[in-house]
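Spelled out, the chains give:
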Amino acid sequence: MDQLFEELDKKLFIIRTKNWIKCEFNGTGCTGMQLEKLLGKNLDNYLLPDLNGIEIKTKCLSKNIEKYGLSLFSSAFDDYPNSNQDFFNKVCIYDSNCNQYKFQRRINTLKGIVVRNFYIKIITDDKLKKIKLIIINRKNHNVESIHSWNYSELEARLTKKLKYMVLVYAKLYTINNIKYVKYLDYHFYKLKPFQSFLYCINKGYITINFNIIKKKTIIDKGTSFEININKIEELFDEIKKDN
């Protein structure tokens, strides 16, 4: 196994033998935050890898494990200033329960979505080197607007953050409102060339998850690119652990 992973492999093995651990965090990212603390890493949301050039990802085992993908990185539209705001103004939906506007949907190249009077789809444009989100008026079929991500920016984010990755599987259990986590098996990976990312986009293996809300201002809580957990090896090569 690559020397880069040897120290982390030892630490993860020790954590794995601890059995159930009382979780000090709440929310959907609690297993990842707890693991980072156990590894002695300061919590952050930086665009760079977590530890010694290795990005640490966790995935909870559940019956619907395939419903939500593994988040790779976040990236708002980069085509022009206020692109996010223009997009949100078209597709936002008012939620009376929380008294705010929001857009929280998932979309990929295989499955467009309908929001209000619009149809939204994702395509790749190799000529312009962009992933495009196209908003089409359902009444007259005109293109209302196009928003995009440049290949170069996506490749930079992907390679800077995910050149090397460890994926740790975990179980989460709650007793009397207290969460307990058990870390199970883990796998080390090396990123394939960027063309593999575009292949996954075109096949619908990668979905774009929008989580945008508006209170006084528009807040992008993470427009993330997520890969189907069963398609990890379309984007990464596994680095086998030593026996």
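Only a predicted model underlies this, so the values are computations on that prediction, with no experimental measurement involved.

Re the side chain of S145
Consideration 1: Position of S145 among the secondary structure elements: in strand β9 (residues 143-150).
Consideration 2: Engagement of the side chain of S145 in a polar contact is seen with the side chain of H147, the distance being 3.2 Å.
Consideration 3: The contact partners of S145, leaving out residues within four places of it in the chain, are K90, L133, I134 and I135.

Let's talk about unusual backbone geometry
Consideration 1: Located in the positive-phi region is N176, a residue other than glycine, with phi close to 50 degrees.
Consideration 2: Structurally, N176 can be placed in the loop between β10 (164-175) and β11 (178-191).

Focus on the sheet that holds strand β7 (residues 118-125)
Consideration 1: Judged by pairing direction, the sheet is antiparallel, and its four strands sit side by side in the order β6-β7-β8-β9 without closing on themselves. The two strands at the open ends of the sheet, each matched to only one other strand, are β6 (113-115) and β9. On average, adjacent strands in this sheet sit at an angle of 25 degrees to one another, irrespective of strand direction.
Consideration 2: Pairing between strand β8 (residues 130-137) and β9: seven bridges, direction antiparallel. Bridge assignment links I134 to a residue of β9, and that residue is I146.
Consideration 3: Packing against the sheet, helix α3 (residues 83-91) makes contact with β6, β7, β8 and β9, and its axis sits at approximately 140 degrees to β9.

A few points about helix α4 (residues 151-162)
Consideration 1: With twelve residues, α4 should cover 16 Å at 1.5 Å per step; its first-to-last C-alpha distance of 16 Å lies within 8% of that length.
Consideration 2: Residues Y151, L154, L158, K161 and L162 constitute the buried set of α4. End-on, the buried residues of α4 take up no more than an arc of 125 degrees, which puts them together on one face. Exposed positions of α4 whose direction lies more than 90 degrees from the buried face are S152 and K160.

Rules used in this analysis
Residues numbered from 1 in each chain as written. Predicted model: local features only at pLDDT ≥ 70, side-chain atom pairs only at ≥ 80, totals over all residues. Heavy atoms only, no water. Helix = DSSP H or I, 4+ residues; strand = E, 2+ residues; numbered from the N terminus. Polar contact = N/O pair within 3.5 Å; in protein donor to acceptor, adjacent residues only side chain to side chain. Contact = heavy atoms within 4.5 Å. Pairing = 2+ DSSP bridges. Axes fitted to C-alpha atoms, helices over the stretch in contact; angles between N-to-C directions. Expected span 1.5 Å × (residues − 1). Buried < 20%, exposed > 50% of the residue type's maximum accessible area, 1.4 Å probe, protein only. Arc of directions from axis to C-beta.

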